[in-house]
Amino acid sequence: MGETPNPMFLRLKWLLELIAGVNQECADDPWRFEGRVWVESTMRAVFPHQFCFARCSIAIVLALLVCSSFSLGADTKVHLPAGEVTKRLAEGSTKMTYHVAMPKEQPESGRAPLLILFSPGGDGKRILEPVAPAANRYGWIAVGVDKLRNGAMDTRLMQRMEDQVLDDILRVIPHDSESIYLGGLSGGAMRAFSLTVRRKKDGFAGVLSMGGWLGGTQYARRDYPKGLAVAMIAGDKDEGAHQWSRHDAAVFTRLGGRVQMFVFPGGHQMAPTGIIRQSIKWFDKDWRTYH
């Protein structure tokens, strides 16, 4: 079977054929498009082939617009400094921002796993700070997303914010496309779990849940992806996340997922850096085994 033609190629081919056709029409009958509104002799002297050139110009402008529209949506990666955190503004009306922590060294494959984090307070830099050192140690890219936070928010606006920031991250940050992980603290972890369902097409590989849970028995029946790697971190006194951890773990193991629990002394809070490092180490081992 032959390859399907590229839509961009087909559109540009059509526009070029339009320009060529207009040129031929002008050559065959330069006054076809003038309507002879002016006196023919005057127009021949002052405005020869004006309308034909104008139409050609419009076609060329259309071609350039098509090219630019494709380039804006193209898979254009950016170069970010290794070992540093860079703040970026996502394309789109919601003006989403996020922080990217690039590792000092990339994996031998040249494409690093990508971990996107959400904060309950919408502070991407804050959620990134305790995770970035561990991610950097294992050559992972970590991203902290701003503005998306717990609390009442218009659902359509919230989803538009999520989509615009995720689309931007996945388009411009160089990463292993089969190793995209979501994560977060508390409500940020709940958002991560929810996004694996709503944006299932992205093929997320796993979730880092820090003090998070699915949200109750009614959420256990959602269409979660199969084969997720899920690291569940919770304080032993966290009545929410720790209480539901075994129940939520069973949801993913039934779907062929791999779940690892990390418990530390404490309540509903950010885990110690040592625990976070252990979870990233487990993720990295899982990634090298299954990807």
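Before any of the text, the structure's been laid out above.
Residues numbered from 1 in each chain as written. Predicted model: local features only at pLDDT ≥ 70, side-chain atom pairs only at ≥ 80, totals over all residues. Heavy atoms only, no water.

## Digging into the nonpolar core
Then comes step 1: Y98, L114, I116, F118, I169 and I173 are the most contacted members of the largest nonpolar core, which totals 38 residues.
Then comes step 2: At the level of secondary structure, the elements contributing two or more residues to this core comprise β2 (97–101), β3 (114–118), β4 (141–145), α6 (155–172), β5 (180–185), α7 (187–198), β7 (229–235) and α8 (241–254).
Then comes step 3: In terms of residue count, the dominant contributor to this core is α6 (six residues).
Then comes step 4: The next biggest cluster of nonpolar side chains, apart from the first, holds 29 residues, and it includes W140, A229, I275 and I276. (Core = buried A, V, L, I, M, F, W, Y, C linked by side-chain atoms within 4.5 Å. Buried < 20%, exposed > 50% of the residue type's maximum accessible area, 1.4 Å probe, protein only. Helix = DSSP H or I, 4+ residues; strand = E, 2+ residues; numbered from the N terminus.)

## Structural notes on the sheet that holds strand β8 (residues 258–264)
Then comes step 1: The strand order β1-β2-β4-β3-β5-β6-β7-β8 describes an open sheet built from eight strands, whose pairing is mixed. Edge positions in the sheet fall to β1 (85–89) and β8, since each has one partner strand and no second. The average undirected angle you get between the axes of adjacent strands in this sheet is 20°.
Then comes step 2: Sheet analysis places strand β6 (residues 206–210) next to β7, joined by five bridges and oriented parallel. Residue pairing across strands places G206 opposite A229, the latter belonging to β7.
Then comes step 3: Against the sheet, α8 makes contact with β7 and β8, and its axis sits at roughly 170° relative to β7, the strand it touches most. (Pairing = 2+ DSSP bridges. Axes fitted to C-alpha atoms, helices over the stretch in contact; angles between N-to-C directions. Contact = heavy atoms within 4.5 Å.)

## Thoughts on empty space enclosed by the protein
Then comes step 1: Scanning all chains against the criterion turns up one cavity of 30 Å³ or more.
Then comes step 2: Considered as a void within the structure, the largest cavity measures approximately 60 Å³ in volume.
Then comes step 3: Those elements that place two or more of their residues in the lining of the largest cavity are β7, α8 and β8.
Then comes step 4: Counted by class, the lining of the largest cavity contains six nonpolar, four polar and no charged residues. (1 Å grid on protein atoms, 1.4 Å probe; cavity = no way out; pocket = protein on both sides within 12 Å on 5 of 7 lines; lining within 4 Å. Points joined across faces, edges and corners; volume = space filled by probe spheres on them. Nonpolar A, V, L, I, M, F, W, Y, C, P; charged D, E, K, R; others polar.)

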